[in-house]
Amino acid sequence: CLSRGLGDVYKRQFLGMLVFLLISSISISGQYKDALISRMSDFRNSVFANVDEGNDFQQKEALRKMEKEWDKELNIVYQKIMKTVNPVTRNKLRNAQRAWIKYRDSEIENNYYINNPDGGSMGVLFSLYTATKLTEERTVYLAEIYDALISN
């Protein structure tokens, strides 16, 4: 059946993206960022420890937990930066963060529809993966900014 074959392709693509998420790293290091990555790596390992790669429900739940935890960390580091910078920089960061949120939301929606043109659960997996990946990347980026600010 063609739709079953496409589902298998999407699952392989999803698993490939998941592997990227699991092994992704950023080259710049700093004390806060390093601690964040270590903490989140441990969290990721615990969340995905018992996830069966063929179980869409388990994969979705694991990605939801990861995205929620990255979002929590993003808010923590964002607030740390906001307390550290001057009012002009604070305003610029606030505007940049609002723009990033619009971008993230657009990418999540696009990934859902691009990977789910006929309906089904794979679009949800792709959108959850996108949300998690983008939130992780933004959080690590903000952690790098924070490390740079406190090292000066």
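### Regarding the pattern of salt bridges
Link 1 in the chain: All told, the structure shown has 7 salt bridges when counted by the stated rule.
Link 2 in the chain: Of the charged contacts in the structure, one is a salt bridge between arginine 39 and glutamate 73, with a shortest N-O distance of 2.9 Å. Of the two residues, arginine 39 sits in helix α2 (residues 31-48) while glutamate 73 sits in helix α3 (residues 56-84), which places them 34 residues apart along the sequence.
Link 3 in the chain: Residues glutamate 136 and arginine 44 are paired through a salt bridge, measuring 3.2 Å at the closest nitrogen-oxygen approach. Within this pair, whereas glutamate 136 is found in helix α5 (residues 122-151), its partner arginine 44 is found in helix α2, the two being separated by 92 residues in sequence. Each member of the pair glutamate 136 and arginine 44 is classed as buried.

### Quick look at the packing of aromatic side chains
The description of an aromatic ring pair rests on the distance of the ring centres and on the angle between the ring planes.
Link 1 in the chain: Applying the stated criterion to the full structure yields 1 aromatic pair.
Link 2 in the chain: Taking 5.3 Å as the distance between ring centres and 75 degrees as the angle between the ring planes, the aromatic pair formed by tyrosine 32 and tyrosine 146 counts as edge-to-face. Placement of tyrosine 32 in helix α2 and of tyrosine 146 in helix α5 is noted, with a sequence separation of 114 residues between them. Per residue, the accessibility class of tyrosine 32 equals that of tyrosine 146, and both read buried.

### Here we look at the packing of α2 against α3
Link 1 in the chain: At their nearest, the axes of α2 and α3 sit 10 Å apart, and the two run at 165 degrees to each other. Relative to α3, α2 is oriented roughly antiparallel. When the axes of α2 and α3 are compared, the crossing they make is right-handed. Mapping the contact onto sequence places Tyr32, Leu36, Arg39, Met40, Phe43, Arg44, Val47 and Phe48 in α2 and Ala62, Leu63, Lys65, Met66, Glu69, Trp70, Glu73, Ile76, Val77 and Lys80 in α3.
Link 2 in the chain: Classifying every residue of the contact of α2 with α3 gives 12 nonpolar, no polar and 6 charged.

The rules we used
- Residues numbered from 1 in each chain as written.
- Predicted model: local features only at pLDDT ≥ 70, side-chain atom pairs only at ≥ 80, totals over all residues.
- Heavy atoms only, no water.
- Salt bridge = Lys/Arg side-chain N within 4 Å of Asp/Glu carboxyl O.
- Helix = DSSP H or I, 4+ residues; strand = E, 2+ residues; numbered from the N terminus.
- Buried < 20%, exposed > 50% of the residue type's maximum accessible area, 1.4 Å probe, protein only.
- Phe/Tyr/Trp six-rings, centres within 6.5 Å; stacked < 30°, edge-to-face > 60°.
- Axes fitted to C-alpha atoms, helices over the stretch in contact; angles between N-to-C directions.
- Parallel < 35°, antiparallel > 145°, perpendicular 65-115°, else oblique.
- Left-handed = near helix turned anticlockwise from the far one by under 90°.
- Contact = heavy atoms within 4.5 Å.
- Nonpolar A, V, L, I, M, F, W, Y, C, P; charged D, E, K, R; others polar.

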